[in-house]
Amino acid sequence: MSVTPLESSPGTASPGDRPLRPATLLVRGGTERSNFRETSEALFLTSGFVYESAEQAEATFAGTEQHWVYSRFGNPTVAMLERRLAALEGAEACRMTATGMAAVNAALLAHLKAGDRVVASRALFGSCHWIVSTLLPRFGVETVFVEGRDLDAWRSALSSPTALVLLETPSNPMLDLVDLPAVAELAHAAGALVVVDNVFATPLLQRPLELGADVVVYSCTKHLDGQGRVLGGAVLGRTRWVEDILQPFLRNTGPALSPFNAWVILKGMETLALRVGAMNTSAARIAAFLEARREVLAVRYPFAPSHPQYALAQRLMTGGGTLVTFELAGGKEAAFRFCDALKLVDISNNLGDAKSLITHPATTTHYRIGADERARLGIGDGVLRLSVGLEDPADLEDDLARGLNAAREGGAP
Ligand SMILES: *Cc1c(COP(=O)(O)O)cnc(C)c1O
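Residues numbered from 1 in each chain as written. Predicted model: local features only at pLDDT ≥ 70, side-chain atom pairs only at ≥ 80, totals over all residues. Heavy atoms only, no water.

> What am I meant to see in the overall build of the chain here?
Broken down by element type, the chain carries 15 helices and twelve strands. Each of the three principal axes of the chain carries a C-alpha extent, and together these read 85 × 50 × 40 Å. Looking at the chain as a whole, 53% of its 413 residues are labelled buried. Accessible surface, the chain as shown: approximately 17700 Å² in total, 53% of it carbon and sulfur. Taking the average location of the 38 positive side-chain charges in the chain and that of its 45 negative ones, the two points are 2 Å from each other. (Helix = DSSP H or I, 4+ residues; strand = E, 2+ residues; numbered from the N terminus. Buried < 20%, exposed > 50% of the residue type's maximum accessible area, 1.4 Å probe, protein only. Areas by Shrake-Rupley, 256 points an atom, 1.4 Å probe, with all protein chains shown as cover. Lys, Arg positive; Asp, Glu negative; His and termini not counted. Charge placed at Lys NZ, Arg CZ, Asp CG, Glu CD.)

Listed below in structure tokens is the structure:
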């Protein structure tokens, strides 16, 4: 029996239907069943596809017939994930990539050319920062960094014609926000495409396209898989841009997502709303727990009223997210004693996982940017970033209390 994909794609709602809600799209969006009527999404673990005839191959390459060609160009399992994520995000189109960095790189390099100008927020994920500060200038692209919280800095940077704006909100690791609607307006007036890295907020807690972004990028390695298994990335935007600008770049440079990894991420998405919901609730609770402890100098959590941009967070996001950043008294020594005393929370630079993870940015993820840049971003030596997982929050608080005691005892005069 041959497998002929059938047309059934919930998520691309038919006219007149009420649009499906996120929890439903996460389970059903984009699913396409073969004639075997499998329950789960089929895994088409194949690099290529075969044709009925030489004529069909010719027609496929001429573009007069639709047929799968090669998994670097597209794959049915990967396409199910693209449709599911596009439906969830409210985007016209989506393309998957092998990693989150491949997604950011593709969005930038597909759009830019020598002589263009890029404006980016300073607080970017380390590798995104490298692409903007080091890679793009090699190819004759002028790049300007601005302090993301400072609207006047954006206004002045965007007073010259600009091809692209890249920003991350909330940012890693200090959870600073960018006033996306205001920056998008300035960016559009300067002629720029607005690209937003929405990893920290997830598609559930912030909707950049509705806030003015043109393109949204994800590392699916984080919450979308969310169980520490695979790397993946996604770029979402308008059909015209995705098909005419992004797709030729992806097809010819080849950062394709493995169908197996796409399948894992599809299954991860089925539980995304449950996981992010629980992790978001625990993170808010843990932020309050840490704020009440005297070993902690400061807590950063977008939905904590102490966050300097609390009002903006309430405007942009529907939850504070799954990460909590805090600063211990006693600098690096206290931070290391804290991490080493933990028994439940793992020391790891990943985030968005079912397992809670702790990171000391100054010596790991943000080591390479140097002390000056860290100081500019407020990443002190006592700063720790906690990615809150799915454990019982009471157990996490016990573990964090263990860490805080160790941080204090080791350093107490
Ligand atoms: C992890 C991450 C990336 C890069 O994603 P990879 O899947 O690791 O390549 C980009 N931006 C942010 C904000 C991230 O957290």
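> Sorry if this is basic, but what is going on with the pairing of strand β5 (residues 193-197) here?
For a regular strand, side-chain orientation follows a simple rule: the groups alternate between the two sheet faces. Buried residues dominate β5, accounting for five of its five residues. What you see with β5 is no split at all: L193, V195 and D197 on one side and V194 and V196 on the other are buried throughout. At this point the chain moves from strand β4 (residues 164-168), through helix α7 (residues 180-189), to the parallel β5, and the crossover so formed is right-handed. The pairing of β5 with strand β6 (residues 215-219) spans three bridges and is parallel. Paired with V196 across the bridge in β6 is V216. (Right-handed = clockwise from strand over helix to strand, strands pointing away. Pairing = 2+ DSSP bridges.)

> Please explain the sheet that holds strand β2 (residues 117-121) as it appears in this structure.
Note: strands within a sheet are paired through backbone hydrogen bonds, in either parallel or antiparallel orientation. Read across the sheet, seven strands follow the order β1-β7-β6-β5-β4-β2-β3 without closing on themselves; strand pairing throughout is mixed. In the strand order of this sheet, the two ends are held by β1 (93-97) and β3 (142-146), each with one partner. Sheet twist, expressed as the average angle between the axes of neighbouring strands with direction ignored, equals 20 degrees. Examined bridge by bridge, β6 and strand β7 (residues 233-237) share four bridges and lie antiparallel to one another. Each residue of the ladder has a partner; that of V216, found in β7, is L236. On the sheet, α7 packs against β4 and β5 and is oriented at approximately 150 degrees with respect to β5. (Axes fitted to C-alpha atoms, helices over the stretch in contact; angles between N-to-C directions. Contact = heavy atoms within 4.5 Å.)

> Even after reading the chapter, I still don't get the packing of helix α4 (residues 100-111) against helix α9 (residues 239-253), so can you show me in this structure?
The geometry of a pair of packed helices is captured by two quantities: the angle between their axes and the separation between those axes. Interaxial distance between α4 and α9 falls to 9 Å at its minimum, and their mutual angle equals 110 degrees. Taken as axis vectors, α4 and α9 run roughly perpendicular relative to one another. Where α4 abuts α9, its residues A106, A107, L109, A110 and H111 lie against W241, I245, L246, F249 and L250. Class assignment of the residues belonging to the contact of α4 with α9 gives a composition of nine nonpolar, one polar and no charged. (Parallel < 35°, antiparallel > 145°, perpendicular 65-115°, else oblique. Nonpolar A, V, L, I, M, F, W, Y, C, P; charged D, E, K, R; others polar.)

> Mind showing me how you'd approach the site of the ligand here?
Around the ligand sit 13 residues in total, of which M101, D197, S219, T221 and K222 are the nearest. Within the backbone of M101, a nitrogen or oxygen atom sits 2.8 Å from an oxygen atom of the ligand. With respect to the ligand, the side chain of T221 contributes an N or O atom lying 2.6 Å from an oxygen atom. Against a free-state accessible area of 380 Å², the protein chains account for coverage of 91% of the ligand. Here the shell around the ligand is composed, by residue class, of five nonpolar, five polar and three charged. (Near = heavy atom within 4 Å. Polar contact = N/O pair within 3.5 Å; in protein donor to acceptor, adjacent residues only side chain to side chain.)

> What's the story with the pattern of salt bridges in this structure? I'm lost.
Charged atoms that come close allow side chains of opposite charge to pair. The final tally for this structure, using the stated rule, is 21 salt bridges. The closest approach of N and O atoms between R293 and E295, which form a salt bridge, is 2.9 Å. Here R402 makes a salt bridge to D399, at a shortest N to O gap of 2.5 Å. Of this pair, R402 and D399 both sit in helix α15 (residues 393-411), three residues apart, which is roughly one turn of the helix. Residues joined by salt bridges that share partners form a network here, namely E41, R84, K267 and E270. (Salt bridge = Lys/Arg side-chain N within 4 Å of Asp/Glu carboxyl O.)

> Quick question: what am I supposed to make of helix α5 (residues 126-138) here?
Note: α-helices contain 3.6 residues per turn, so residues at a spacing of three or four share the same orientation. For α5, with 13 residues, the first-to-last C-alpha span of 18 Å sits near the 18 Å given by 1.5 Å per residue. Where α5 bends most, the angle comes to about 30 degrees, and this point is V132. Considered for burial, the residues of α5 that qualify are C128, H129, I131, V132, L135 and L136. Of the surrounding elements, those touching the buried residues of α5 are α4, β2, β3, β4, β5 and α14 (370-377). Within two residues after α5, G140 carries a phi angle of roughly 80 degrees, on the positive side. (Expected span 1.5 Å × (residues − 1). Bend = angle between axes of the 7 residues up to and from the residue.)

> Sorry if this is basic, but what is going on with the pairing of strand β9 (residues 323-328) here?
In terms of burial, β9 is largely enclosed, as five of its six residues are buried. As paired elements, β9 and strand β12 (residues 383-387) share five bridges and run antiparallel to each other. Of the residues in β12, the one forming a bridge with F326 is L384.

> It is not clear to me how the sheet that holds β12 should be interpreted in this structure. Could you clarify?
Strand order in the open sheet formed by five strands is β8-β9-β12-β11-β10, with mixed pairing between adjacent strands. Strands with a single pairing partner mark the edges of an open sheet, and in this sheet they are β8 (296-300) and β10 (346-347). Of the strand pairs in this sheet, strand β11 (residues 357-359) and β12 are connected by three bridges, and their pairing is antiparallel. Looking at β12, one finds that T359 is bridged to R385. Lying over the sheet, helix α11 (residues 272-291) contacts β8, β9 and β12, oriented at roughly 10 degrees with respect to β9. Set on the sheet, helix α13 (residues 331-341) makes contact with β9, β10, β11 and β12; between it and β9 the angle comes to about 130 degrees.

Purely spatial values, then, with no claim about function.
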